[in-house]
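Summary of the model geometry
Here is what each chain is made of, one letter per residue.
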Amino acid sequence: MARYTHATIDLNALKHNFMVMSRFSPSSKQVVVVKADAYGNGAVTVAKCLQSQADMFAVAFIDEVFELRDAGITQPILVLQGPHQEQECELTNTLNIVWMLHVEQQLNWINKRIRNNEISNLHHWVKFDTGMHRLGLMLEDYGRLNADYTHIFHPTTVMATHLASADEPDNNASLTAVNQFLSVMADQHSCLSIANSAANICLPESAKTWNRMGISLYGSSPFVNDEVSISLKPVMQLNSEVIALREIAAGESVGYGATWTASKHSVIATVAIGYADGYPRHAPTGTPALFDGVVGELVGRVSMDMLTFDVSNIENVEIGTKVELWGNNLAINKIAKQVGTIGYELMTRVSKRVPRKLI
Ligand SMILES: *Cc1c(COP(=O)(O)O)cnc(C)c1O
């Protein structure tokens, strides 16, 4: 007894994607980014599945570390935003955390504790800003920081940066940023980390000691326009079913606000998923979904728990017909584009009330 609506999480696809992505840079180690519940796919699920292959996992902030440790994940966990509060530093050893330090305040907190032997993990990461201007220390301050924080800066400290435009393969800004970064770091540090998914695929110069990979492992292209085709397999498929059907006459409207009006006699299918499940409320009329593999088009407003589709041209739709909102046969990026967003957002927003079923 349950609503049929669910997301399947394909662990073989996840393993396949990890293998495909690792092949781009066989000599790099891979950080598997599982922030935001592994982009909605389930952080513990993903970490357990890749436990024997991943060298490290990454989350955004410390709150996301706990469930991984509770689930028995033993790899070091990189915390991409570093400690938000000084107190968090005290959990460094207990939780086996690797901090990505991005502001001087954090360098202070950690440097002091390493000096006092309160922290035994000596391999924290330092992040530099190469043009994204969001997080990271400035490259021109490198010399001074290196001299001031001697307990953090040593030849094997991982120096990292995050590229602003790696998802645009033709944008030269990425290579310029990589070269700026390397010109400051390369002589002093043997451990570097630059590449995310997009850079790992299309910017070989960015593959260094560590890559940080997220979206590609979940099977979605990091490139907005799918410019680069790679053999990734979708991990998440979002499924629902038809729970009501009706025929309406030309001139009748569908949904809240009567925003869509039938121009001819139409068959409308009501599907048991809505914006409270993470389906984007702004999905416009015409957004596709597959009814037993055949495309139907969204009509009318997305409701909290339901969607309405015009299935006039599809044969044999009935109550119980299975619906794929995105997944193996309908790319999440295709839906994202219709809605004016990216696959990342759709994936991370699939809400808690949608059960994840592992296959
Ligand atoms: C999220 C994140 C990544 C992973 O990026 P993808 O595009 O999902 O591969 C890498 N590095 C940092 C700093 C991140 O925040």
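Before going into details, it helps to say that this report is about the structure given with it.

**Some thoughts on the site of the ligand**
The environment of the ligand is made up of 13 residues, and the closest members are Lys-35, Tyr-39, Ser-197, Ile-215 and Tyr-344. Here an oxygen atom of the ligand sits 2.6 Å away from a polar atom, N or O, in the side chain of Lys-35. A distance of 2.5 Å is found between an oxygen atom of the ligand and a side-chain nitrogen or oxygen belonging to Ser-197. At the level of elements, helix H2 (35-39) and strand S10 (210-213) are the ones that each hand at least two residues to the shell around the ligand. Of the residues that constitute the shell around the ligand, the class distribution is six nonpolar, four polar and three charged.

**With respect to helix H5 (residues 104-115)**
Counted at 1.5 Å a residue, the expected span for H5 with its twelve residues is 16 Å, and the 16 Å between its end C-alpha atoms agrees. Buried-residue contacts for H5 involve strand S5 (97-101), strand S6 (125-129), strand S7 (137-138) and helix H6 (142-148). Of the residues one or two after H5, Asn-117 is the one with positive phi, at around 60 degrees.

**So, the packing of aromatic side chains**
In this structure the tally under the stated criterion is seven aromatic pairs. Between Tyr-39 and Tyr-218, the ring centres sit 5.0 Å apart and the planes meet at 50 degrees, which makes this aromatic pair tilted. Of the two residues, Tyr-39 sits in helix H2 while Tyr-218 sits in the loop between S10 and strand S11 (236-248), which places them 179 residues apart along the sequence. A residue is classified by how much of its surface remains accessible, and Tyr-218, at 1% relative accessible area, is buried. For the ring pair Phe-128 and Tyr-142, a centre distance of 6.0 Å and an interplane angle of 55 degrees mean the geometry is tilted. Placement of the pair is Phe-128 in strand S6 and Tyr-142 in helix H6, with a sequence separation of 14 residues. For Tyr-142, a relative accessible area of 5% puts it in the buried group. Grouping aromatic residues by their ring pairs yields a cluster made of Tyr-39, Tyr-218 and Tyr-344. The ring of Tyr-4 has Lys-322 lying over it, and the distance from NZ or CZ to the ring centre is 4.2 Å.

Rules and cut-offs
Residues numbered from 1 in each chain as written. Predicted model: local features only at pLDDT ≥ 70, side-chain atom pairs only at ≥ 80, totals over all residues. Heavy atoms only, no water. Near = heavy atom within 4 Å. Polar contact = N/O pair within 3.5 Å; in protein donor to acceptor, adjacent residues only side chain to side chain. Helix = DSSP H or I, 4+ residues; strand = E, 2+ residues; numbered from the N terminus. Nonpolar A, V, L, I, M, F, W, Y, C, P; charged D, E, K, R; others polar. Expected span 1.5 Å × (residues − 1). Contact = heavy atoms within 4.5 Å. Phe/Tyr/Trp six-rings, centres within 6.5 Å; stacked < 30°, edge-to-face > 60°. Buried < 20%, exposed > 50% of the residue type's maximum accessible area, 1.4 Å probe, protein only. Lys NZ or Arg CZ within 6 Å of the ring centre and 35° of its normal.

Purely spatial values, then, with no claim about function.
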